[in-house]
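Secondary and tertiary structure notes
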Amino acid sequence: MRDYIRVCDVEKYYGNASNVTKAIDRVSFTVAQGEFVGVMGASGSGKTTLLNMLSTIDRVTAGHIWYGDTDIAEMKENALAEFRKENLGFVFQDYNLLDTLTIEENIILAMTLHKAGKREIRERCDEMLRLLRIEDIRDQFPYQVSGGQKQRCACARALINRPRLLLADEPTGALDSRSSQTLLETFTDMNQKMKATILMVTHDAFSASYCSRILFLKDGRIFHELIRGSKSRREFLNEILDVLALTGGEGSDDR
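Note that the structure is predicted; figures quoted are calculated from it, not measured.

Analysis parameters
Residues numbered from 1 in each chain as written. Predicted model: local features only at pLDDT ≥ 70, side-chain atom pairs only at ≥ 80, totals over all residues. Heavy atoms only, no water. Helix = DSSP H or I, 4+ residues; strand = E, 2+ residues; numbered from the N terminus. Rg over C-alpha atoms; globule rule 2.2 N^0.38 Å. Buried < 20%, exposed > 50% of the residue type's maximum accessible area, 1.4 Å probe, protein only. Contact = heavy atoms within 4.5 Å. Pairing = 2+ DSSP bridges. Phe/Tyr/Trp six-rings, centres within 6.5 Å; stacked < 30°, edge-to-face > 60°. Polar contact = N/O pair within 3.5 Å; in protein donor to acceptor, adjacent residues only side chain to side chain.

Observations regarding the overall build of the protein chain
A tally of regular secondary structure across the protein chain gives eight helices and ten strands. A globule of 255 residues ought to have a C-alpha radius of gyration of about 18 Å, and the protein chain, at 18 Å, matches this closely. When its C-alpha atoms are laid out on the principal axes, the protein chain stretches across 50 × 45 × 35 Å. Burial analysis of the protein chain (255 residues in total) assigns 47% to the buried set.

Quick look at the environment of Thr56
Mapping Thr56 onto the fold places it in the loop between helix 1 (47-54) and strand 4 (62-67). The buried category is assigned to Thr56, whose relative accessible area is 6%. Considering only alpha carbons, one finds Thr56 and Asn106, 50 residues apart in sequence, at a separation of 23 Å. With residues up to four places along the chain from it excluded, the contact list for Thr56 reads Ile72, Leu80, Phe83, Arg84 and Leu88.

Section: the pairing of strand 4
Of the pairings in the sheet, the one linking strand 4 to strand 5 (residues 70-71) comprises two bridges and is antiparallel in character. Following the sheet pairing, Trp66 is matched in strand 5 by Asp71.

Regarding the packing of aromatic side chains
The relative placement of two aromatic rings is captured by the distance of their centres and the angle of their planes. Tallied over the full model, the rule gives seven aromatic pairs. Taking 5.8 Å as the distance between ring centres and 5° as the angle between the ring planes, the aromatic pair formed by Phe90 and Phe92 counts as stacked. Look at Phe141 and Tyr143: their rings are 5.8 Å apart centre to centre, the planes differ by 10°, and that puts the pair in the stacked class. Overall, Tyr143 belongs to the exposed group, its relative accessible area being 55%. Pairwise contacts between aromatic rings join Tyr4, Tyr67 and Phe83 into one cluster.

So, the side chain of Thr186
Structurally, Thr186 is set in helix 6 (residues 177-193). Polar contacts involving the side chain of Thr186 include one to the main-chain carbonyl oxygen of Thr182, which spans 2.8 Å. Excluding residues within four positions of it along the chain, Thr186 makes contact with Leu132, Arg133 and Arg152.

No statement about biological role is implied by the geometric values presented.
Have a look at this one:
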């Protein structure tokens, strides 16, 4: 697999000259096409700041973030907005669905912004509904379905434009154990069958155990990395919990 994302010596500061907070401290790493990478760390470690910079929501103070041959740190706002629309998909803890639209209409909405043809929209939507196993609720409204079904709808909406990278910020945070497991299995299917590149921020060891690689942040720096390789998910989970125990990080194994 070739590297798709290269994060090079990125720094992020907040505040002013008299009171500066260094949220990210010279972070460098790569993500290969088709990887499922997790970012872990306790509250205040910098993981959400890092995600915001990768997603173009926030700007780096110093350093570079390359997507292929494109350095988003050098792009103007209008170009960034276009880049975001064409290349990135987002799944958040709160589903951000419109209650006045059906599940199907919520998914389709993302494609209409791309001015796709009706036939292509229909075919792509049918494919997403089938892959994410929510065909039977396509005509229902978000308030009529479960949290897990809402989150799978959010995944379908994020994937319908076939983004080069799916960014997930604590996607299981509002879900119960069963719904979390279903969503994480869905992520695994998306990664393996659709070759989706996924970067997921999480504080939860159970969620992280589905990743192929995990970067651990502390005080704005990467201090450890775990690679799953051929290990079972249970073995990988135990490794994650060991790292979190050493650092006093968050994480749970209640599922």
